[in-house]
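Given next are the chains, with one letter for each unit.
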Amino acid sequence: MTSFRWYLVDALIRWLLDNECTPHVVLQTDLPGVEVPGEHIKNNRVVLNVSPQAVHNFSLGPKGIEFDARFGGVPMHVRAPAGAIVGVHAKESEVGFEFEAEESSPEEISEMKTPPRSSKSGRPHLRIVE
């Protein structure tokens, strides 16, 4: 049976956005497969804003979470297996959930190692769909 963690994380993020809150995801950074900006890690954890205004190419599924964001103006691709997600909460109120870290199997981690998506300018763009 697959882990239900990412389903809960997805539901919490959607609920926070529906309630006009800023969703923050907490990642355990000392697990294999976690790729985050090192300068923001404290006590083997990092808290990341995953609101649509802060990230691009957001993806959350059974294998994990990944997105593109800017840290101090520097673009970076963030990636972590689902078991590294140890919390989701609202920036404004700290309402949310915490989880125990789960180490992913080497197969799950290698499946996540897809090349990061790149955009031509690195900036958001609009496309008209008729």
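Overview of the structure. Note that the coordinates shown come from a computational prediction; the quantities given were computed from them, not determined experimentally.

## Description of the side chain of H89
Moving on, step 1. Mapped onto the secondary structure, H89 falls in strand β6 (residues 85-90).
Moving on, step 2. In this structure H89 comes out as buried when scored by relative accessible area, which is 13%.
Moving on, step 3. In this structure, H89 is in contact with L16, T22, P23, H24, V26, V47, E94, V95 and G96, ignoring residues within four places of it in sequence.

## Considerations on the nonpolar core
Moving on, step 1. Counting 28 residues, the largest nonpolar core has V25, L27, L48, I65, F67, I85 and V88 as its most contacted members.
Moving on, step 2. Secondary-structure elements contributing two or more residues to this core are α1 (5-18), β1 (23-28), β2 (45-49), β3 (55-61), β4 (64-71), β5 (74-81) and β6.
Moving on, step 3. When residues of this core are assigned to their parent elements, the largest contribution, five residues, is made by α1.
Moving on, step 4. When neighbours within four sequence positions are excluded, F67 is seen to be in contact with L48, V50, V55, H56, N57, F58, M76, H77 and V78.

## Some words on the packing of aromatic side chains
Moving on, step 1. Throughout the structure, instances matching the rule amount to two aromatic pairs.
Moving on, step 2. Ring centres of F58 and F67 lie 6.2 Å apart, and the angle between their planes is 25°; this geometry places the pair in the stacked category.
Moving on, step 3. Since its relative accessible area comes to 32%, F58 is described here as partly exposed.
Moving on, step 4. With a relative accessible area of 1%, F67 lands in the buried category.

## A closer look at the pairing of β6
Moving on, step 1. In terms of burial, β6 is a largely internal element, six of the six residues being buried.
Moving on, step 2. Judged from the five bridges that link them, β1 and β6 form a sheet pairing that is antiparallel. When the bridges of β6 are listed, V25 appears paired with V88.

Parameters at a glance
Residues numbered from 1 in each chain as written. Predicted model: local features only at pLDDT ≥ 70, side-chain atom pairs only at ≥ 80, totals over all residues. Heavy atoms only, no water. Helix = DSSP H or I, 4+ residues; strand = E, 2+ residues; numbered from the N terminus. Buried < 20%, exposed > 50% of the residue type's maximum accessible area, 1.4 Å probe, protein only. Contact = heavy atoms within 4.5 Å. Core = buried A, V, L, I, M, F, W, Y, C linked by side-chain atoms within 4.5 Å. Phe/Tyr/Trp six-rings, centres within 6.5 Å; stacked < 30°, edge-to-face > 60°. Pairing = 2+ DSSP bridges.

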